[in-house]
Amino acid sequence: MTLSNSNAALDQRCINAIRFLSVDMVQKADSGHPGLPLGAAPMAYVLWSRFLKHNPKNPKWNDRDRFVLSAGHGSALLYSLLHLTGYDLPLQEIERFRQWDSKAPGHPERGLTPGVEITTGPLGQGFANAVGFAIAERHLAMSFNRPGFDVIDHRTFVIMSDGDMMEGVAAEAASLAGHLRLGKLICLYDENHVTLSAGTDMAFTENCGERFDAYGWHVQEVANGNDLSALDAALRAACDEADRPSLIRVRTHLGYGSPHKQDSFEAHGSPLGADEVRLTKQNLGWPTEPTFLVPQDVASHMREAIARGCKLEEEWSRELERYEEKYAELAESLQQAWRGELPDGWDSDIPEFQADAKGEATRVSAGKVMNAIAPKLPALIGGSADLNPSTFTALKGLGDFEPESAPPGHQTNGAWSYAGRNIWFGVREHAMGAVVNGLAAHGGALPFGATFLIFSDYMRPPIRLASIMQLHVVFVFTHDSVALGEDGPTHQPVEQLASLRAIPGLTVIRPADANETAEAWRVAVAAENRPVALALSRQKAPTLDRSRYAPAEGLRRGAYVLADAPNGKTDAVLIASGSEVNLIVEAQKKLEERGIHARAVSMPSWELFEAQPKTYRDEIFPRDVPARLAVEAGATQGWSRYVGDRGDVLGLDHFGASAPGEVTLREFGFSVENVCKRVEALL
């Protein structure tokens, strides 16, 4: 599209309206980041007015383009765009920017502000989320589109900053996106050479264009971020590039137009100040009063997005109706995925594991469960950080998510396709966590990502963000304790369970045996609006005889009585999670021989337990039985809430050691005899 001279003045007024709505927001709040909106408004305007496929009256239209402001500190820019184009974000809300209960919070929050696709602010995360959006679009398109029916056909656009570009998670995600040839991913890089504390020349002088070219991206450069014709041409070329994701380097000026603060870090994270706002408006030919000015011609032009978006969605809806007529079963499956509904009988093939004293590692049981549900649960998609042989998370026979043509120098085995449901993340835990969040936020997918529990530390930011956004994601963590053995303390998780349990809104489940693992996956799949973390063992765990012990479905309540004291009198309560449950089962028998009547409680999930009525919780942990011992091969932090002041915890408040798993457990006191001694000491 070429610009006509007759529209040039109006274009500039729209850009300045975006700029100064943003500046006025920050100034009134006396808090925020005015620099990015002043510099990036032209690129945002060109994108939103000429390229972005969206409908302000229906922010959840399934085939809309996704827009990610990875530089979430510039949230005022996004709120200005949403307000001007007609989303349900009235002026009163943006006038209350960063205030209590405003729909214009300090950083964009998914689910709070209509039109915000993803919660951003921690730099690099939004960019990596966008890779997840692009993967979701390609997977759904390849799975559901049919000749003549492109019912899934949209792009993902990103605005990222110098700070995003520096973060390691962005590097991991960019490398993955280049390998996967995600041609519908387009990133506008707001290259203003300034960060929060200084110019980028102090720490960041690499050639980002050459880096992304090496990743396999299509790279362009716009030398002047105010050149609308150049921005238009670059975006058009990016949209025409089908085989590579696109990076457009746009040279901008932080705080553009500010006489004293342009190109200075002082414009990054603080209001310009009343005098500088006035001078900046005068410098760019904008009225100094009133504040929050939206001229009528600007409002009319920007809100053309409503009619345009409604027309696009109507056309798409008619195509979808024709698709539903011709491919009724396929269409219903697509709609079900979009609604996040589970197919009837999705869990009917989950095996029931027979009692086995030798048992198997819960990671192995989980792999069997995943492969039992995957054929009937088409939304399930994901992978591991190069650890499938160890995490057992490969979905057998369901293909690999890869470009249909092999990258240069590689051979395809014919099983590669964007319809494949196994994503090869490579050794990229940081990116994996953010990408699965993007998949979930896009819709139509139930994503999982797998690695060792120790490496959940690499993924903490996306896990936390998944909880903030209430995304339905399954994080699969194996090798859950010092019992993994010879790899030693660098790979043996100690504090990770406590750390994950501290994240609000995250359900952590550590199943005891194969049947609890099956129930854990039932809970994880059925969870709504919350992420779930599964902690699974490398070491074998005996499969309990459920004719002697309570059914494994007790896991759904977080804690349940596996076996009560034989005579109904309870002297002590033994509590454990994971593979340590078998330890308390054996200790219960030994204590009974010594005349001590103990209750054995399996407690796989604190969060599920806390959701139960108080009457149930008191039933599991009777108040008149203060002698309680919790056993878990991890940090003891938090267990005091369940064992009370007169109880005890057998755990690990130190790092592990390199030795066979059974040796490390024994040497650290995880034995039947030590459990019995600890209980006797309590009594």
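Residues numbered from 1 in each chain as written. Predicted model: local features only at pLDDT ≥ 70, side-chain atom pairs only at ≥ 80, totals over all residues. Heavy atoms only, no water.

Participant: Can you walk me through the overall build of the chain in this structure?
Facilitator: Each helix and strand counted, the chain has 25 helices and 19 strands in total. Since a compact globule built from 683 residues should have a radius of gyration of about 26 Å, the 28 Å found for the chain is in line with a globular shape. Dimensions of the chain along its principal axes, counting C-alpha atoms only, are 95 × 60 × 45 Å. Residue burial in the chain is summarised as follows: out of 683 residues, 60% are buried. The contacts of the chain with a sequence gap of at least 6 include a subset with a gap of at least 24, amounting to 76%. For the chain, the accessible area works out to roughly 26,000 Å², and carbon and sulfur atoms hold 48% of it. Of the charged side chains in the chain, 66 are positive and 88 negative, and the gap between their average positions amounts to 3 Å. (Helix = DSSP H or I, 4+ residues; strand = E, 2+ residues; numbered from the N terminus. Rg over C-alpha atoms; globule rule 2.2 N^0.38 Å. Buried < 20%, exposed > 50% of the residue type's maximum accessible area, 1.4 Å probe, protein only. Contact = heavy atoms within 4.5 Å. Areas by Shrake-Rupley, 256 points an atom, 1.4 Å probe, with all protein chains shown as cover. Lys, Arg positive; Asp, Glu negative; His and termini not counted. Charge placed at Lys NZ, Arg CZ, Asp CG, Glu CD.)

Participant: Would you mind going over the environment of G121 with me for this structure?
Facilitator: Within the element layout of this structure, G121 appears in the loop between helix 4 (91-94) and helix 5 (125-144). On the basis of relative accessible area, G121 is assigned to the buried category, the value being 17%. It is 32 Å that separates the C-alpha atoms of G121 and P378, two residues lying 257 residues apart in sequence.

Participant: Help me understand the packing of aromatic side chains in this model?
Facilitator: Two measures describe an aromatic ring pair: the distance that separates the ring centres and the angle between the ring planes. In this structure the tally under the stated criterion is 24 aromatic pairs. Judged by centre distance (5.8 Å) and plane angle (20 degrees), the ring pair of F127 and W217 falls under stacked. Taken together, the residues F127 in helix 5 and W217 in the loop between helix 8 (208-215) and strand 4 (218-222) connect sequence positions 90 residues apart. For W217, a relative accessible area of 1% translates into the label buried. On the basis of an interplanar angle of 70 degrees and a centroid distance of 5.4 Å, the ring pair of F212 and Y215 is categorised as edge-to-face. Placement of the pair is F212 and Y215 together in helix 8, with a separation of three residues, close to one helical turn. Among the aromatic side chains, those forming a connected cluster through ring pairs are W606, F609, Y616, F621, W639 and Y642. The positively charged end of R501 is found above the aromatic ring belonging to W606, 4.1 Å away from the centroid. Taking NZ or CZ as reference, R557 lies 3.7 Å from the ring centre of Y616, over its face. (Phe/Tyr/Trp six-rings, centres within 6.5 Å; stacked < 30°, edge-to-face > 60°. Lys NZ or Arg CZ within 6 Å of the ring centre and 35° of its normal.)

Participant: Can you walk me through helix 20 (residues 580-593) in this structure?
Facilitator: Each α-helix turn comprises 3.6 residues. Residues three or four places apart therefore point the same way. The terminal C-alpha atoms of helix 20 lie 20 Å apart, and with 14 residues this matches the ideal 20 Å at 1.5 Å per residue to within 8%. For helix 20, the full list of buried residues reads E580, V581, L583, I584, V585, A587, Q588 and L591. Residues of helix 20 that are buried sit in contact with strand 15 (560-563), strand 16 (572-576), strand 17 (598-602), strand 18 (628-631) and helix 25 (672-682). Within two residues after helix 20, G595 carries a phi angle of roughly 85 degrees, on the positive side. (Expected span 1.5 Å × (residues − 1).)

Participant: Teacher, can you tell me more about the UniProt feature "active site" (unreviewed entry) in the chain here?
Facilitator: Sequence positions flagged by UniProt for "active site" (unreviewed entry) are, in local numbering, E429. Apart from residues no more than four positions distant in its own chain, E429 is found in contact with E172, A385, T451, F455, Y458 and M459. (UniProt positions renumbered as here; feature names shortened; annotations may be inferred.)

Participant: Sorry, what's going on with the pairing of strand 2 (residues 156-161) here?
Facilitator: Regular strands have side chains that alternate between both faces of the sheet. In terms of burial, strand 2 is largely enclosed, as six of its six residues are buried. Neither face of strand 2 is left uncovered, since the one carrying T156, V158 and M160 and the one carrying F157, I159 and S161 both have all their residues buried. Bridge analysis of strand 1 (residues 66-69) against strand 2 gives four bridges, and the strand direction is parallel. Residue pairing for strand 2: V68 is matched across the bridge by V158. In terms of strand pairing, strand 2 meets strand 3 (residues 185-191) through six bridges, oriented parallel. (Pairing = 2+ DSSP bridges.)

Participant: Quick question: what am I supposed to make of the domain arrangement of the chain here?
Facilitator: A common way to express how large an interface is: the accessible area buried when the components associate. Parsing the chain into structural domains produces domain 1 (5-310), domain 2 (356-543) and domain 3 (557-682). Measuring from the centre of the C-alpha atoms in domain 2 to the corresponding centre in domain 3 gives 27 Å. Taken together, the contact pairs 26 residues of domain 2 with 31 residues of domain 3. For the pair domain 2 and domain 3, the summed buried surface comes to about 2,200 Å²; carbon and sulfur atoms form 56% of the total. (Domains from an automatic or database assignment. Buried area = accessible area lost by both parts, 1.4 Å probe.)

Participant: Before we go on, may I ask you to explain unusual backbone geometry in this structure?
Facilitator: Residues apart from glycine generally show negative phi values, whereas peptide bonds are mostly found in trans. In this chain, E289 is followed by P290 through a cis amide linkage whose omega measures -5 degrees. The backbone of D101 shows a phi angle near 70 degrees, a positive value even though the residue is not glycine. Tracing the backbone through its elements, the reader meets D101 in the loop between helix 4 and helix 5. Non-glycine residue N529 carries a positive phi angle of around 55 degrees. Looking at the element boundaries, N529 is found in the loop between helix 19 (514-526) and strand 13 (532-535).

Participant: Just checking my understanding: could you explain the pattern of salt bridges for this structure?
Facilitator: Opposite charge on two side chains lets them pair, provided their charged atoms get close. Tallying each qualifying case throughout the model produces 38 salt bridges. D297 is the salt-bridge partner of R13, the closest N and O atoms lying 3.0 Å from each other. In this pair, R13 is assigned in helix 1 (residues 5-29) and D297 in helix 11 (residues 296-302), connecting sequence segments 284 residues apart. Look at R13 and you get partly exposed, because its relative accessible area is 34%. (Salt bridge = Lys/Arg side-chain N within 4 Å of Asp/Glu carboxyl O.)

Participant: Would you mind going over the sheet that holds strand 15 with me for this structure?
Facilitator: Reading across the sheet, the five strands line up as 15-17-16-18-19 and stay open at both edges, with mixed pairing between neighbours. Bordering the open sheet on either side are strand 15 and strand 19 (648-650), each of which pairs with just one other strand. Strand-to-strand twist across the sheet, computed as the mean angle between neighbouring axes with direction ignored, equals 30 degrees. In the sheet, strand 16 pairs with strand 17 via five bridges, with the strands oriented parallel. Bridge assignment links A572 to a residue of strand 17, and that residue is A598. (Axes fitted to C-alpha atoms, helices over the stretch in contact; angles between N-to-C directions.)

Participant: How should the UniProt feature "binding site: Mg(2+)" (unreviewed entry) in the chain be read in this particular structure?
Facilitator: Annotation from UniProt places "binding site: Mg(2+)" (unreviewed entry) at D162, N192 and V194. Annotated residues spanning 33 residues; largest pairwise C-alpha distance 7.4 Å, indicating a single compact cluster. Filtering out sequence-adjacent residues up to four positions away, N192 remains in contact with D162, R251, T252, H253 and L254. With respect to the helices and strands, the residue V194 is situated in the loop between strand 3 and helix 8. When sequence neighbours within four positions are dropped, the list of residues in contact with V194 reads D162, G199, T200, L254, D263, S264 and F265.

Participant: What is the right way to look at the packing of helix 5 against helix 7 (residues 168-180) in this model?
Facilitator: Two quantities define a packed helix pair, namely the angle between the axes and the distance from one axis to the other. Orientation of helix 5 relative to helix 7, taken along the N-to-C sense of each, is 20 degrees, at an axis distance of 8 Å. Taken together, the axes of helix 5 and helix 7 are roughly parallel relative to one another. Of the two possible hands of crossing, helix 5 and helix 7 adopt the one that is left-handed. Listed contacts from helix 7 to Q125, F127, A128, V131 and I135 of helix 5 are V169, A170, A173, A174, A177 and L180. For the contact of helix 5 with helix 7, the residue count by class is ten nonpolar, one polar and no charged. (Parallel < 35°, antiparallel > 145°, perpendicular 65-115°, else oblique. Left-handed = near helix turned anticlockwise from the far one by under 90°. Nonpolar A, V, L, I, M, F, W, Y, C, P; charged D, E, K, R; others polar.)

Participant: How should the sheet that holds strand 5 (residues 246-251) be read in this particular structure?
Facilitator: Sheet strands associate in pairs through backbone hydrogen bonding, adopting either a parallel or an antiparallel arrangement. Spatially, five strands are ordered 1-2-3-5-4 in an open sheet, and the strand pairing comes out parallel. Only two strands of the sheet have a single partner each, and these edge strands are strand 1 and strand 4. Strand-to-strand twist in this sheet, taken as the mean axis angle between neighbours without regard to direction, amounts to 15 degrees.

Participant: Would you mind showing me how to read the environment of R522 here?
Facilitator: Considering the arrangement of structural elements, one finds R522 in helix 19. Exposure remark for R522: the relative accessible area of 19% places this residue in the buried category. Sequence spacing of R522 and G488 is 34 residues, and the spatial spacing of their C-alpha atoms is 32 Å. Here D347 takes part through its side chain, which lies 3.2 Å from a polar atom of the side chain of R522. (Polar contact = N/O pair within 3.5 Å; in protein donor to acceptor, adjacent residues only side chain to side chain.)

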